[in-house]
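# Inside the fold
Each chain, written out:
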Amino acid sequence: MWPTTPATLFIWLVLIQGSYALYEGMYCGKENCYEVLGVGRDDSKGDIAKAYRKLARKWHPDMHQGAEAKATAEKEFQRIATAYEILRDADSKTDYDYMLDNPDEFYWHYYRYYYRRVTPKVDVRLVIAVTITVISACQYYVAWNNYRSAVSYLLQVPKHRTRAMQIAREEKLLETDKKKLRGKSKSEIREEEEEVLKKVIEEKMDIRGGYSKPHWTDILWVRIILLPYTTALYIKWYVTWIWRFNIKKEEYGEEEKFYLIQKYMNCTKTQWESVDDEQKREYLKLRLWKKAEFDEWKAEREAEMKAKLAESSRYKSIRRYLKNNKQQMTFGPE
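Residues numbered from 1 in each chain as written. Predicted model: local features only at pLDDT ≥ 70, side-chain atom pairs only at ≥ 80, totals over all residues. Heavy atoms only, no water.

With respect to the helices, strands and loops of the structure, Glu 256 is situated in helix H13 (residues 254–264). Discounting residues that sit within four places of it in the chain, Glu 256 has contacts with Trp 241, Arg 244 and Phe 245. A distance of 3.0 Å separates a polar side-chain atom of Glu 256 from the backbone nitrogen of Gly 253. (Helix = DSSP H or I, 4+ residues; strand = E, 2+ residues; numbered from the N terminus. Contact = heavy atoms within 4.5 Å. Polar contact = N/O pair within 3.5 Å; in protein donor to acceptor, adjacent residues only side chain to side chain.)

Right, here's the structure in full:
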């Protein structure tokens, strides 16, 4: 039955266009790739390659003489090469066979065809490995750069520099023999002294937190490789914790108390390591590993902070500004 209304006619024309323009701009155009190579859909990959080599030898432009013959051969050779490129790849061949069996899925075929052509054929595992390697290298470089920056900063602090100088002299790390220093400029002597002091700070100073000395186990690649081992350790630790403290009701040791305090404070490992030992001892005296006492201590700290802010002239000026300029403290156009 033919369409009678303009809307029905338009839809009918679109469907007809999709059914009869299946090969337009895709694969072998309006030709069948199997027929171009003279093979069947059930032929093996070796048979397809054999048919291609036979036709390629026949239609190679170098095998023909004259401009017209060469032009015809180039066109035919390109036609053969296109068909072989489609049928030699298993994924591309599967898409092509699907298109032959389902000619009505016009837009899906276009998507699959150009997806295969545009997407680079790179192993995803290789991409992931390269990405992790780059991240690991950057991570290690940044960690060392932060550590060197921390050492250089401590070297400029008079208190730490004086202490490092004292240790260097006690351990006779600085060259004081004038005969050995003879022939060296002041800048050279200064550089040698700086290097000695840096080594003293690196060996004697306990730099923690994000500026601590990097370790190879902190690299992303190593963490990924050791993930099964660390997961097993965590499961063992968790089961042991449940058995010791939830079932047997044992008393917490110092390490367990520090863990609970760190957990209640929502501190990361790096943040917790940056806390002074004296401050940690103070937390133990306050019995902050107990949730009730921690909540009480936290409420007191927040109240103290609010009181200090209330007494701060800067805080008062900010509150006054917010009160008098409410209409300006908005986000986005109005």
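Our next topic: helix H12 (residues 227–247). With 21 residues, H12 should cover 30 Å at 1.5 Å per step; its first-to-last C-alpha distance of 29 Å lies within 8% of that length. Where H12 ends, the next residue or the one after it, Lys 249, has phi of about 60°, a positive value. (Expected span 1.5 Å × (residues − 1).)

Moving on, we get to the state of the cysteines. Per the counting criterion, the structure on display carries 1 disulfide. Disulfide pairing is shown between Cys 28 and Cys 33; the S-S distance is 2.1 Å. Given an S-S torsion of about 115°, the disulfide between Cys 28 and Cys 33 has right-handed geometry. Each of the two residues, Cys 28 as well as Cys 33, counts as buried. (Disulfide = S-S within 2.5 Å. Buried < 20%, exposed > 50% of the residue type's maximum accessible area, 1.4 Å probe, protein only.)

Now for the pattern of salt bridges. Summed over all chains, the structure comprises 17 salt bridges. For the salt bridge of Glu 250 with Arg 244, the shortest nitrogen-to-oxygen distance reads 3.0 Å. The class of Glu 250 is partly exposed, set by a relative accessible area of 30%. When its relative accessible area of 28% is taken as the criterion, Arg 244 is described as partly exposed. Overlapping salt bridges, with partners in common, bring together Arg 41, Lys 93, Asp 97 and Asp 101 in one network. (Salt bridge = Lys/Arg side-chain N within 4 Å of Asp/Glu carboxyl O.)

Let's shift gears to the packing of aromatic side chains. Considering all chains together, one arrives at 19 aromatic pairs under this definition. An angle of 40° between the planes, with centres 5.9 Å apart, marks the rings of Tyr 34 and Tyr 96 as tilted. With Tyr 34 in helix H2 (residues 33–37) and Tyr 96 in helix H5 (residues 90–101), the pair connects residues that are 62 residues apart, well separated along the chain. Assigned by exposure class, Tyr 34 and Tyr 96 land together as buried. With centroids separated by 5.8 Å and ring planes inclined at 40°, the aromatic side chains of Phe 294 and Trp 297 adopt a geometry described as tilted. (Phe/Tyr/Trp six-rings, centres within 6.5 Å; stacked < 30°, edge-to-face > 60°.)

Relative to the 21 Å expected for 15 residues at 1.5 Å per residue, helix H3 (residues 45–59) spans 21 Å between its end C-alpha atoms, a close match to the ideal helical length. For H3, the complete set of buried residues consists of Ile 48, Ala 49, Ala 51, Tyr 52, Leu 55 and Ala 56. Down the axis of H3, the buried set is contained in an arc of 165°. They therefore lie on one face. Across from the buried face of H3, at angles greater than 90 degrees, the exposed residues are Lys 50, Lys 54, Arg 57 and Lys 58. Against the buried residues of H3 lie H2, helix H4 (67–88) and H5. (Arc of directions from axis to C-beta.)

Okay, the side chain of Lys 280 next. Of note, Lys 280 is situated in helix H15 (residues 277–285). Despite its burial, Lys 280 pairs with no opposite charge, the nearest such side chain being Asp 277 at 4.6 Å. Those residues in contact with Lys 280 that sit more than four places away from it in its chain are Arg 208, Phe 258, Trp 272, Glu 273 and Val 275. (Lys, Arg positive; Asp, Glu negative; His and termini not counted.)

Here we come to the nonpolar core. Of all hydrophobic cores here, the largest spans 22 residues; its most connected members are Tyr 27, Cys 33, Leu 37, Val 39, Ile 86, Leu 87 and Tyr 96. Per-element tally for this core: the top contributor is H3, with 6 residues. Non-local contacts of Val 39, meaning those with residues more than four positions away in its chain, are made with Tyr 34, Asp 47, Ile 48, Ala 51 and Leu 87. In terms of nonpolar packing, the next biggest core, distinct from the first, is built from 15 residues, Val 151, Ala 164, Leu 197 and Ile 207 among them. (Core = buried A, V, L, I, M, F, W, Y, C linked by side-chain atoms within 4.5 Å.)

Here we take up the packing of helix H7 (residues 124–156) against helix H10 (residues 186–204). The contact between H7 and H10 brings their axes to 10 Å, and the two run at 110°. In terms of axis orientation, H7 runs roughly perpendicular to H10. Like other packed secondary-structure pairs, H7 and H10 cross with a definite hand, here right-handed. Note on element contacts: H10 touches H7 through Glu 194, Leu 197, Lys 198, Ile 201 and Glu 202, opposite Tyr 147, Val 151, Ser 152, Leu 154 and Leu 155. In the contact of H7 with H10, the residues fall into 6 nonpolar, 1 polar and 3 charged. (Axes fitted to C-alpha atoms, helices over the stretch in contact; angles between N-to-C directions. Parallel < 35°, antiparallel > 145°, perpendicular 65-115°, else oblique. Left-handed = near helix turned anticlockwise from the far one by under 90°. Nonpolar A, V, L, I, M, F, W, Y, C, P; charged D, E, K, R; others polar.)

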